[in-house]
Amino acid sequence: MSERKHIDVVAGAILRDGKVFGACRGYGSYAGTWEFAGGKVEPGETDEAALVREIREELGVEVAVERLLGIVDHDYPEYHMNMRLYICRHIVGEPQLSVHSAGRWLGRADLYSVPWFEADMELIQQLEADLT
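Residues numbered from 1 in each chain as written. Predicted model: local features only at pLDDT ≥ 70, side-chain atom pairs only at ≥ 80, totals over all residues. Heavy atoms only, no water.

A. Local environment of the nonpolar core. V20, F36, L85, W116 and L127 are the most contacted members of the largest nonpolar core, which has 28 residues in total. If you list the elements that add at least two residues to this core, you get strand 1 (5–16), strand 2 (19–25), strand 5 (62–75), strand 6 (79–92) and helix 2 (118–127). Setting aside chain neighbours within four positions, we find L85 in contact with A11, G12, A13, F36, R67, L68, L69, G70 and L123. Membership of the second largest hydrophobic core comes to 14 residues, among which are I14, A23, A50 and V63. (Core = buried A, V, L, I, M, F, W, Y, C linked by side-chain atoms within 4.5 Å. Buried < 20%, exposed > 50% of the residue type's maximum accessible area, 1.4 Å probe, protein only. Helix = DSSP H or I, 4+ residues; strand = E, 2+ residues; numbered from the N terminus. Contact = heavy atoms within 4.5 Å.)

Put into structure tokens, the structure is as follows:
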């Protein structure tokens, strides 16, 4: 019996004008599910450096990583994921979708209007305090 695959990622809750940017996965078995931008940490990279790089690659925007919001360990059918979600402040650039099929700025009132990944949902309530 094989051991379940383990994925270790960082993600950014990008804030601007009291809203957070959510992105819709455009590929694979989870296409149509919403998430925070981010990805894997490369060897020798800090979480913060990886997050700035991943967000630049995925969305073409610059962010400042402010603080760790929370850590989630979550079991999906195909893998186990450890995700560290950071609060990031948008600095410059309009999001350009390269790996996502949709994206939008979500305020507190419409935060639950999209189908988030289960792991992201575990931290959404903590995020509400940062939104207007």
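Read on for the rest.
B. A look at the UniProt feature "domain: Nudix hydrolase" (unreviewed entry) in the protein chain. The sites that carry the UniProt feature "domain: Nudix hydrolase" (unreviewed entry) are, in the present numbering, residues 5–128. Split by type, residues 5–128 is 19% helix and 48% strand. Its first and last C-alpha atoms lie 31 Å apart. (UniProt positions renumbered as here; feature names shortened; annotations may be inferred.)

C. Region of interest: the pairing of strand 5. Where strand 5 meets strand 6, twelve bridges bridge the pair, whose relative direction is antiparallel. In the sheet register, L68 faces strand 6, and the bridge partner there is Y86. (Pairing = 2+ DSSP bridges.)

D. Structural detail: unusual backbone geometry. Notably, D17 is not glycine yet its phi reads approximately 50°, a positive angle. Position of D17 relative to the elements: it lies in the loop between strand 1 and strand 2.

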